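# Observations on the model geometry
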Amino acid sequence: MEVIRLNNVSLWRRTQEEFSYDLKTTILSFLDGRYRKPGRKQVLDRIDLVVSAGEKLGIIGSNGSGKSTLLKVICGILKPNTGEVRVQGDIAPLIELGAGFDSELSLVDNIVLYGVFLGFSRQQMRERSQEILRFADLESYADVPVKTLSSGMTARLGFAIATDVPPDILILDEVLSVGDERFKEKCRNRLGQFWQSHTTVLVVSHDLPFIEQSCERAVWLSGGRIVCSGPATEVVGLYLDSTRSGAANIG
Ligand SMILES: Nc1ncnc2c1ncn2[C@@H]1O[C@H](COP(=O)(O)OP(=O)(O)OP(=O)(O)O)[C@@H](O)[C@H]1O
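These notes cover the structure that comes with them.

Rules and cut-offs
- Residues numbered from 1 in each chain as written.
- Predicted model: local features only at pLDDT ≥ 70, side-chain atom pairs only at ≥ 80, totals over all residues.
- Heavy atoms only, no water.
- Salt bridge = Lys/Arg side-chain N within 4 Å of Asp/Glu carboxyl O.
- Helix = DSSP H or I, 4+ residues; strand = E, 2+ residues; numbered from the N terminus.
- Near = heavy atom within 4 Å.
- Polar contact = N/O pair within 3.5 Å; in protein donor to acceptor, adjacent residues only side chain to side chain.
- Areas by Shrake-Rupley, 256 points an atom, 1.4 Å probe, with all protein chains shown as cover.
- Nonpolar A, V, L, I, M, F, W, Y, C, P; charged D, E, K, R; others polar.
- Patch = residues over 30% accessible without salt bridge, like charges linked within 9 Å, V, L, I, M, F, W, Y side chains within 5 Å.
- Buried < 20%, exposed > 50% of the residue type's maximum accessible area, 1.4 Å probe, protein only.
- Phe/Tyr/Trp six-rings, centres within 6.5 Å; stacked < 30°, edge-to-face > 60°.
- Lys NZ or Arg CZ within 6 Å of the ring centre and 35° of its normal.

## Notes on the pattern of salt bridges
- Scanning the entire structure with this criterion turns up 14 salt bridges.
- A salt bridge links Arg46 to Asp45, with the shortest nitrogen-to-oxygen separation between them at 2.9 Å.
- In this structure, Lys184 engages Glu181 in a salt bridge whose closest nitrogen and oxygen atoms are separated by 3.2 Å. A residue pair is termed a helical-turn pair when its members lie 3 or 4 positions apart in one helix, as Lys184 and Glu181 do in helix α7 (residues 181-196) at three residues.
- Residues joined by salt bridges that share partners form a network here, namely Glu181, Lys184, Glu185 and Arg188.

Set out below in structure tokens:
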């Protein structure tokens, strides 16, 4: 059964020049004769992708090739400019962990809010909060505002909430870099349980041996396009051949 389908998905993003675009800058650059039209970059280019239930899919490619953007489109964080994205089931997006927290609210209140955002009830989240804090090693911080946590602690809290209940679809973006060594080991153990289960997993990583060992299939992105998709060892092999010959660095 298919759980994710992307048909002809394309997405453009503004380039840096457009970020500094405002009226004053524009008038000054006109007067100086430096005005350039704000740019756009095609970040995803006509992506077709089908993922089956329970599949473990690795997404590889050089920096800037569009891997994280693809995950964000699948999670619904970004909307494609053209094409269609269909997803069946609950998604736990382990992307930009903690980005959705309200820094003024306590950890417990954030756990409840974040959980509700992921589709759980307030009651369920209140019951789970002690266990979530325990997993994140943050029990003594339960009632302080999130803004008092370090970035690693915030990411630990985000990971603990998002993985508290096994989701239908787990989306991981270089997530094994969360926290210190002790916490990384806990993450690996928890994720290992999902790998054994029927959870569908999409993982972006530059750790190619990890992709080969843990994914049946891999997709190689370059310049926002799928170069090839197939058994992980074959796709990783082709990608490595091309990096050796310099062809994969086109972004
Ligand atoms: N917020 C943003 N606004 C504009 N452009 C962006 C934004 N985020 C990413 N991009 C651009 O989109 C392209 C793809 O970025 P993306 O983060 O998806 O790449 P990636 O393959 O995940 O890279 P990496 O391996 O470095 O994490 C890059 O050219 C990047 O500059």
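Alright, that's what it looks like, and here's the rest.
## Concerning the site of the ligand
- Taken together, 14 residues form the shell around the ligand, and within it Gly64, Lys67, Ser68, Thr69 and His206 come nearest.
- Within the side chain of Arg13, one N or O atom sits 3.2 Å away from a nitrogen atom of the ligand.
- Asn63 has a polar side-chain atom sitting 2.8 Å from an oxygen atom of the ligand.
- Considering the ligand on its own, with 640 Å² of exposed area, one finds that the protein chains cover 66% of that surface.
- Put simply, the parts of the chain that give the shell around the ligand at least two residues each are β1 (2-14), β2 (40-52) and α3 (67-75).
- Of the residues contributing to the shell around the ligand, the split by class is two nonpolar, eight polar and four charged.

## Looking at a nonpolar patch on the surface
- Residues Leu23, Ile27, Leu28 and Leu31 make up a contiguous nonpolar surface patch of about 440 Å² in total accessible area.
- Here Leu31 shows up in helix α2 (residues 23-32).

## Here's the deal with α3
- Judged by how many residues are buried, α3 sits mostly within the fold: seven of nine residues are covered.
- Turning to α3, its buried residues are Lys67, Thr69, Leu70, Leu71, Lys72, Val73 and Ile74.
- Directly beyond the C-terminal end of α3, a positive phi value near 90° is found at Gly76.

## As for the packing of aromatic side chains
- Enumeration according to the criterion identifies five aromatic pairs in this entry.
- Note on Phe135 and Phe159: the rings are 6.2 Å apart at their centroids and 20° apart in plane angle, and the pair reads as stacked. Of the two residues, Phe135 sits in helix α5 (residues 122-135) while Phe159 sits in helix α6 (residues 151-162), which places them 24 residues apart along the sequence.
- Residue Phe159 is classed as buried on the basis of its relative accessible area, which comes to 0%.
- Judged by centre distance (6.0 Å) and plane angle (70°), the ring pair of Trp195 and Phe210 falls under edge-to-face. Taken together, the positions of Trp195 in helix α7 and Phe210 in helix α8 (residues 208-214) put the pair 15 residues apart, joining distant regions of the chain.
- On the basis of relative accessibility, which here comes to 17%, the residue Trp195 falls in the buried class.
- Taken together, the ring pairs in this structure connect Phe135, Phe159 and Phe183 into an aromatic cluster.
- A cation over an aromatic ring shows up here: Lys186 above the ring of Phe135, its NZ or CZ 4.8 Å from the ring centre.
- For Arg190, the ring lying beneath its charged end belongs to Phe135, and the centroid distance is 3.7 Å.

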